[in-house]
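Listed below are the residues making up each chain.
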Amino acid sequence: MPSTTEASERGTSSGKAMRRPVFLNLTQIRMPVGAITSIAHRITGVLLAAGVPFSLYLLGQSLESPQGYARAGALLGNWAVKAAAVLFIWALAHHLLAGVRHLLSDIDIGSRLHAARRSAWIVNIVGLAVALLAAGAVL
Amino acid sequence: MTRAVSGLRAWLVQRISAVYLLVFIVFALGHALLSPPHSYQDWRGWIASPVISIAASVFFAALLAHAWVGLRDVVLDYLPDAAVRVAALSALAIALAATGVWALRILWAASS
């Protein structure tokens, strides 16, 4: 997990003086299950942030007038909006679960390697399962 | 404020906001599933009730604080160039502030 402190030191004088090794051969980089949970936590966070304006637009429409409420409901009937909603629901489910996993490991629950690997699998799989359920419900 | 302290503060903001977001989202989803609104009046009445509109305002504040810390980390990780960083962080701050104003206007309009 990249941390803020590490990251903010990267661009400063100490970071510039040092030549860092760069290894970006994607076929050879090993991704243990926790790394997948972690990068997906980041990707879903960015997706969720990108989804905020769309959600706010829907919220505003739905509260503006009875017509707007009907329009927001009709918009959710569109297949492209449904597909986006399923993606958004996956992002939310994964991000929430991965976040709870982080909070628990902060208070030392499941922070040992074996338990952390197991919870990483659970987060990845349950996130996808929620997305499948959502797809079944809306499509 | 030293760098270490500011990092600790970001860490705390991220976690406190996360807990509030989690509680609010579970509550809102539970409400939507157990007693979904049956009409526009129903829906607007629910949002406009004092407890919900205050809880929702706090939700948006927590959401934006959470998004700021998270997206700031992403910018700091992938944009090493100082000028690009400052530009990206400024754009992010403006976008989040505008989003906050928008969210509050929606909630206020619904309550008035």
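Caption draft 1: Region of interest: the overall build of chain B. The helix and strand inventory of chain B stands at 4 helices and 0 strands. Beginning at the N terminus, the succession of helices and strands in chain B can be written as α-α-α-α. In terms of C-alpha radius of gyration, chain B reaches 17 Å, well past the compact-globule figure of 13 Å for 112 residues. With the principal axes as the frame, chain B shows a C-alpha extent of 50 × 25 × 25 Å. Here chain B, with 112 residues, has 37% of them falling under the buried criterion. For chain B, restricting intrachain contacts to residue pairs at least 6 apart in sequence, the fraction spanning at least 24 positions comes to 73%. With the model as given, the accessible surface of chain B reaches about 6,600 Å², and the carbon-plus-sulfur share is 77%. The positive charge centre, built from 7 side chains, and the negative charge centre, built from 4, are 8 Å apart in chain B.

Caption draft 2: Looking closely at the interface of chain B and chain A. Contact with chain B, which involves 29 residues of that partner, is made by 30 residues of chain A. Taken over both partners, the interface formed by chain B and chain A buries close to 2,700 Å², and the fraction arising from carbon and sulfur atoms is 71%. On inspection of chain B and its partner chain A, the count reaches 2 salt bridges. Close ionic contact of Arg42 of chain A with Asp77 of chain B constitutes a salt bridge, the shortest N to O distance being 2.8 Å. The tally of links from chain B across to chain A stands at 7 residue pairs in polar contact (both at pLDDT 80 or more). Where the side of chain B that touches chain A is concerned, the elements lending two or more residues are α1 (3-34), α2 (40-48), α3 (50-78) and α4 (82-111) of chain B. In terms of residues, the side of chain B that touches chain A owes the most to one element, α3 of chain B, which gives 10 residues. For the side of chain B that touches chain A, the residue count by class is 19 nonpolar, 3 polar and 7 charged.

Caption draft 3: Local environment of the nonpolar core. Among the nonpolar cores identified, the biggest contains 20 residues, and Leu56, Leu59 and Leu63 of chain A together with Trp43, Ile47, Phe59 and Phe60 of chain B are the most heavily contacted of them. Those elements that provide at least two residues to this core are α3 (33-64) of chain A together with α1, α2, α3 and α4 of chain B. Residue contributions to this core peak at 6 residues, all from α3 of chain B. Excluding its chain neighbours within four sequence positions, the residues that come into contact with Leu56 of chain A are Phe60, Thr99, Trp102, Ala103 and Ile106 of chain B. Residues Ala67, Val75, Leu76 and Leu92 of chain B belong to the second largest nonpolar core, which totals 8 residues.

Caption draft 4: Structural detail: a nonpolar patch on the surface. Together, Val22, Phe23, Leu24, Leu26, Ile29, Met31, Ile36, Ile39 and Ile43 of chain A together with Tyr78 of chain B give the surface a local cluster of nonpolar side chains, amounting to about 1,000 Å² of exposed area. At 3 residues, the largest contribution of residues to the nonpolar patch is made by α3 of chain A. Inspection of the secondary structure assignment puts Ile36 of chain A in helix α3. The exposure class assigned to Ile36 of chain A is partly exposed, which follows from its relative accessible area of 39%.

Caption draft 5: View of the confidence of the model for chain B. Of the residues in chain B, 96% reach a pLDDT of 70 or more, and the chain-wide mean stands at 93. The complex model carries a pTM of 0.86, and its ipTM stands at 0.91.

Caption draft 6: Layout of the pattern of salt bridges. All names here are of chain A. A full pass over the atoms with the stated rule returns 3 salt bridges over all chains. The partner of Glu64 in a salt bridge is Arg71, and the shortest N-O contact between them spans 3.9 Å. By relative accessible area, which is 44% here, Arg71 ends up partly exposed.

Caption draft 7: Here's a closer look at the environment of His102 of chain A. Structurally, the position occupied by His102 of chain A is in helix α5 (residues 79-106). Sequence separation between His102 of chain A and Ser38 of chain A is 64 residues; the distance between their C-alpha atoms is 9.8 Å.

Caption draft 8: Spotlight on the packing of α3 of chain A against helix α4 (residues 66-75) of chain A. Residue and element names in this part refer to chain A. Between α3 and α4, the shortest axis-to-axis distance is 5 Å and the interhelical angle comes to 140°. Of the possible angle classes, the one that applies to α3 and α4 is oblique. For the pair α3 and α4, contact is made by Tyr57, Leu58, Gln61, Ser62 and Glu64 and by Gly68, Tyr69, Arg71, Ala72 and Leu75, respectively. Its residues assigned to classes, the contact of α3 with α4 comprises 5 nonpolar, 3 polar and 2 charged.

Caption draft 9: The arrangement of the packing of aromatic side chains in detail. All chains considered together, the criterion is met by 7 aromatic pairs over all chains. Ring centres of Tyr69 of chain A and Tyr40 of chain B lie 6.1 Å apart, and the angle between their planes is 65°; this geometry places the pair in the edge-to-face category. Of this pair, Tyr69 of chain A sits in helix α4 while Tyr40 of chain B sits in helix α2, which puts the two residues in different chains. The class for Tyr69 of chain A is partly exposed, based on a relative accessible area of 24%. Look at Tyr20 of chain B and Phe24 of chain B: their rings are 6.3 Å apart centre to centre, the planes differ by 20°, and that puts the pair in the stacked class. Note that Tyr20 of chain B and Phe24 of chain B are positioned in helix α1 at a spacing of 4 residues, about one turn of the helix. Phe24 of chain B gets classed as buried once you look at its relative accessible area, which sits at 12%. Taken together, the aromatic side chains of Tyr20, Phe24, Phe27, Trp43, Trp46, Phe59 and Phe60 of chain B make up a single cluster linked through ring pairs.

Rules used throughout
- Residues numbered from 1 in each chain as written.
- Chains lettered and ligands numbered in written order.
- Predicted model: local features only at pLDDT ≥ 70, side-chain atom pairs only at ≥ 80, totals over all residues.
- Heavy atoms only, no water.
- Helix = DSSP H or I, 4+ residues; strand = E, 2+ residues; numbered from the N terminus.
- Rg over C-alpha atoms; globule rule 2.2 N^0.38 Å.
- Buried < 20%, exposed > 50% of the residue type's maximum accessible area, 1.4 Å probe, protein only.
- Contact = heavy atoms within 4.5 Å.
- Areas by Shrake-Rupley, 256 points an atom, 1.4 Å probe, with all protein chains shown as cover.
- Lys, Arg positive; Asp, Glu negative; His and termini not counted.
- Charge placed at Lys NZ, Arg CZ, Asp CG, Glu CD.
- Buried area = accessible area lost by both parts, 1.4 Å probe.
- Salt bridge = Lys/Arg side-chain N within 4 Å of Asp/Glu carboxyl O.
- Polar contact = N/O pair within 3.5 Å; in protein donor to acceptor, adjacent residues only side chain to side chain.
- Nonpolar A, V, L, I, M, F, W, Y, C, P; charged D, E, K, R; others polar.
- Core = buried A, V, L, I, M, F, W, Y, C linked by side-chain atoms within 4.5 Å.
- Patch = residues over 30% accessible without salt bridge, like charges linked within 9 Å, V, L, I, M, F, W, Y side chains within 5 Å.
- pLDDT = per-residue confidence, 0-100.
- Axes fitted to C-alpha atoms, helices over the stretch in contact; angles between N-to-C directions.
- Parallel < 35°, antiparallel > 145°, perpendicular 65-115°, else oblique.
- Phe/Tyr/Trp six-rings, centres within 6.5 Å; stacked < 30°, edge-to-face > 60°.

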